[in-house]
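# Analysis of the macromolecular model
One-letter residues, chain by chain:
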Amino acid sequence: MDAGTPVPAAPGGRAHRAAPASRAWRLWAWCAAALREVGYLVMPSECALCGAEDQGLCLPCAAQLRRAVAAPFRAEGAADALMGVAGEVQLPVMAAGSYRDALAAAILAFKNHGRTDLGAPLARCLARGLQQMLVDLPPAPAGARNGGSKAVVLIPIPSSGAGWRRRGFDPVATLLGIMVREGRLPPGVVIVPLLGSRATLPWQRRRQKALGRSARRSNVQGSLKFRPRTARKFLLTAKPSGYCAVLIDDVLTTGSTLREAGKTLGNRGFAPMGAVVLAATQAPQPGGTGGKTHRTRQNQYGVKDE
């Protein structure tokens with residue numbers, strides 16, 4: 001069998017991915033696997049999802065993570081802050097997957113438990129959502145400054161100062177950086193950090209996760225700021241034909257943060273055409289609007305569905 005030819009599927013199974021086409025790539029893959037094994041001897045590790053020993057993410061859990069993002073979906077219908085009073089969509093959002101099971105466990109381990117080794121598989125999940133958003137991006141009105149088939153500008157939602165100090169990194173910026181290093185950004189797509197987080201007094205800080213829907217919306221008001229210096233540098237190099245701004249975030253709940261980001265950018269003439277998130281806490285229900293909330297329940301990974 002020639003190199004690069006997919007291995008035939010076993011009866012009742014699926015075909016494996018193609019093997020590396022050259023000997024150099026096969027040698028590189030073998031050396032990388034050997035180095036990982038040596039690393040596990042020096043610093044033991046376990047699968048972030050199921051706890052299997054000597055594996056950052058075991059093969060069965062990696063397969064479940066891929067299945068969780070196999071079908072990206074539009075998620076703004078379940079986010080109250082992104083829908084108008086008459087049911088009109090104020091900002092279309094594409095979610096790579098639903099915030100539950102393997103995807104939720106991986107995000108929590110990556111953000112809150114120091115498992116930065118999950119950055120690469122989560123960045124690939126985010127790339128799937130971005131690809132689908134570029135396909136489904138709504139057409140812009142005639143004469144719009146940043147509409148049509150223009151260059152796409154990704155604007156990440158920044159982490160709060162407290163979140164950055166707690167984790168030591170910005171989750172969204174880290175995922176986008178991995179996408180750049182792995183060459184997963186489609187042609188014509190650039191990352192421009194036009195938003196920054198405003199500093200707040202210690203006694204005024206409240207974590208979004210502990211708040212209700214209305215409290216979340218009021219909590220994020222004025223929490224983001226526009227970065228004019230970054231905007232000037234971008235406009236000097238922007239294509240004359242224009243651009244299309246897309247927001248990037250990790251988890252969509254009520255949509256309050258995306259709404260505030262869109263408002264902050266819109267006041268400076270950078271109105272976003274859509275957003276991409278890694279996961280949405282509420283997937284739209286078949287035949288419905290997706291606006292009903294799910295009861296909190298425990299899934300197989302011990303992660304509570306919000």
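Residues numbered from 1 in each chain as written. Predicted model: local features only at pLDDT ≥ 70, side-chain atom pairs only at ≥ 80, totals over all residues. Heavy atoms only, no water.

The helix and strand tally for the protein chain stands at nine helices and 10 strands. With 306 residues in all, the protein chain has 42% of them scored as buried. Within the protein chain, residue pairs in contact and separated by at least 24 positions form 72% of the contacts whose partners lie at least 6 positions apart. (Helix = DSSP H or I, 4+ residues; strand = E, 2+ residues; numbered from the N terminus. Buried < 20%, exposed > 50% of the residue type's maximum accessible area, 1.4 Å probe, protein only. Contact = heavy atoms within 4.5 Å.)

Unlike most non-glycine residues, Asp 101 shows phi in positive territory, near 50 degrees. Inspection of the secondary structure puts Asp 101 in helix α3 (residues 101-112).

This part is about the packing of helix α4 (residues 119-136) against helix α6 (residues 171-181). Following both chains from N to C, one finds α4 and α6 inclined at 85 degrees, their axes separated by 9 Å at the closest point. When the axis of α4 is compared with that of α6, the two are roughly perpendicular. When α4 is examined against α6, the residues Gly 119, Ala 120, Leu 122, Ala 123, Leu 126, Ala 127 and Leu 130 are found in contact with a partner set consisting of Leu 175, Leu 176, Ile 178 and Met 179. Residue classes in the contact of α4 with α6 are distributed as 10 nonpolar, one polar and no charged. (Axes fitted to C-alpha atoms, helices over the stretch in contact; angles between N-to-C directions. Parallel < 35°, antiparallel > 145°, perpendicular 65-115°, else oblique. Nonpolar A, V, L, I, M, F, W, Y, C, P; charged D, E, K, R; others polar.)

Here we come to the sheet that holds strand β8 (residues 274-280). Overall, mixed pairing links the six strands, which are arranged β1-β2-β8-β7-β3-β4 in an open sheet. Sheet topology places β1 (73-74) and β4 (189-191) at the edges, where each strand pairs with a single neighbour. Pairing between strand β7 (residues 243-252) and β8: six bridges, direction parallel. By the bridge assignment for β8, Asp 249 is matched with Val 277. α4 contacts β2 (93-98), β3 (151-156), β4, β7 and β8 of the sheet and is inclined by roughly 145 degrees relative to β8. (Pairing = 2+ DSSP bridges.)

Core analysis: the largest hydrophobic core is formed by 46 residues, its most contacted members being Leu 49, Leu 57, Ile 107, Leu 122, Leu 126, Leu 154 and Ile 248. Sorting the residues of this core by element identifies α2 (59-68), β2, α3, α4, β3, α6, β7 and β8 as the ones contributing at least two each. With nine residues, α3 is the largest single contributor of residues to this core. Apart from the residues lying within four places of it in its own chain, the contact partners of Leu 126 are Leu 175, Leu 176, Met 179, Ile 248, Asp 249, Val 276, Val 277 and Leu 278. (Core = buried A, V, L, I, M, F, W, Y, C linked by side-chain atoms within 4.5 Å.)

Going through the model one piece at a time under the given rule, you end up with six salt bridges. One salt bridge connects Arg 124 with Glu 182, and the closest N-O pair in it is separated by 3.2 Å. Here the residue Arg 124 occupies a position in helix α4, and Glu 182 occupies one in the loop between α6 and β4, the gap between them amounting to 58 residues. Accessibility expressed as a relative area gives 36% for Arg 124, which makes it partly exposed. Exposure remark for Glu 182: the relative accessible area of 32% places this residue in the partly exposed category. (Salt bridge = Lys/Arg side-chain N within 4 Å of Asp/Glu carboxyl O.)

For the coordinates displayed, the defined rule picks out four aromatic pairs. A ring pair is formed by Phe 226 and Phe 270, whose centres lie 5.5 Å apart and whose planes are at 40 degrees; its orientation type is tilted. On the criterion of sequence distance, the pair formed by Phe 226 in strand β6 (residues 224-226) and Phe 270 in the loop between α9 (256-266) and β8 is long-range, its members being 44 residues apart. The pair Phe 226 / Phe 270 is uniform in exposure class, with both members buried. Here the aromatic rings of Tyr 243 and Phe 270 are separated by 5.8 Å at their centres, their planes lie at 25 degrees, and the arrangement is stacked. Remark: Phe 270 occurs in the loop between α9 and β8 and Tyr 243 occurs in strand β7; sequence separation between them is 27 residues. Take Phe 270: its relative accessible area is 4%, and that puts it in the buried class. Counting every residue linked through ring pairs, the aromatic cluster contains Phe 226, Phe 234, Tyr 243 and Phe 270. (Phe/Tyr/Trp six-rings, centres within 6.5 Å; stacked < 30°, edge-to-face > 60°.)

Moving on, we come to the confidence of the model for the protein chain. Per-residue pLDDT for the protein chain averages 76, and the proportion of residues at 70 or more is 67%. In this model, residues 140-148 is a region of pLDDT below 50 whose contacts with residues beyond four sequence positions or in other chains number 14 contacts. Counting contacts from residues 286-298, a segment whose pLDDT is below 50, to residues more than four positions away or on other chains yields 26 contacts. (pLDDT = per-residue confidence, 0-100.)

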